[in-house]
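What follows is the residue order along each chain.
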Amino acid sequence: MTQKDLIDTVAVTTNDVACDGTGASGGHPRVWLHIDPATRDVVCPYCSRRFVLDAGVTAAAVQH
Ligand SMILES: [Zn+2]
């Protein structure tokens, strides 16, 4: 395991994110992750990628 694997960050524009891993790591079963409105991010428990809500997306938009 390298440090680079742990800090892979993906910017997203919705609070529901589907993750099935990366090609480099072989992937994992697709899971749905939900952005935490308090921290505006979520970390995939399988591949440790961090999904961050894009700064241009407002909380109101996320909550519909
Ligand atoms: Zn993942």
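Residues numbered from 1 in each chain as written. Predicted model: local features only at pLDDT ≥ 70, side-chain atom pairs only at ≥ 80, totals over all residues. Heavy atoms only, no water.

Engineer: Whenever I open this one, the sheet that holds strand E1 (residues 9–12) confuses me. Can you help?
Structural biologist: Two strands in a sheet stick together by hydrogen bonds in their backbones, pointing the same way (parallel) or opposite ways (antiparallel). One open sheet accounts for 3 strands, arranged E1-E5-E4; its pairing is mixed. Sheet topology places E1 and strand E4 (41–43) at the edges, where each strand pairs with a single neighbour. Across this sheet, the average inter-strand angle for adjacent strands is 20°, counted without regard to direction. Of the strand pairs in this sheet, E4 and strand E5 (residues 50–53) are connected by 3 bridges, and their pairing is antiparallel. Bridging from a neighbouring strand, Val-43 pairs with Arg-50 of E5. (Pairing = 2+ DSSP bridges. Helix = DSSP H or I, 4+ residues; strand = E, 2+ residues; numbered from the N terminus. Axes fitted to C-alpha atoms, helices over the stretch in contact; angles between N-to-C directions.)

Engineer: Explanation requested: the coordination of the zinc ion in the structure shown.
Structural biologist: Ideal values for angles at a metal depend on the geometry: 109.5 degrees with four tetrahedral donors, 90 or 180 degrees with six octahedral donors. Taken together, the protein donors to the zinc ion comprise Cys-19 (SG), His-28 (NE2), Cys-44 (SG) and Cys-47 (SG), at separations of 2.1 to 2.3 Å. Bound by 4 donor atoms, the zinc ion shows angles of 104 to 114° at the metal and therefore tetrahedral coordination geometry. Ordering the donors of the zinc ion by residue number gives the pattern C-x8-H-x15-C-x2-C. Remark: Cys-47 occurs in the loop between E4 and E5 and Cys-19 occurs in strand E2 (residues 16–19); sequence separation between them is 28 residues. Of the two residues, Cys-19 and Cys-47, neither departs from the other in class, the shared state being buried. (Donors = N, O, S within 2.8 Å, 3.2 Å for Na, K, Ca; no water. Tetrahedral: all angles 85-135°; square planar, octahedral: opposite > 155°, others 65-115°. Buried < 20%, exposed > 50% of the residue type's maximum accessible area, 1.4 Å probe, protein only.)

Engineer: Can you walk me through the pattern of salt bridges in this structure?
Structural biologist: The full count for this structure, using the stated rule, is 2 salt bridges. Measuring nitrogen to oxygen at the nearest pair gives 3.4 Å for the salt bridge that ties Arg-30 to Asp-20. Linking Arg-30 in the loop between E2 and strand E3 (31–34) with Asp-20 in the loop between E2 and E3, this pair joins segments that are 10 residues apart in sequence. For Arg-50, the salt bridge is made with Asp-41, and the minimal N-O distance between the two is 2.7 Å. For Arg-50, a relative accessible area of 34% translates into the label partly exposed. Overall, Asp-41 belongs to the buried group, its relative accessible area being 15%. (Salt bridge = Lys/Arg side-chain N within 4 Å of Asp/Glu carboxyl O.)

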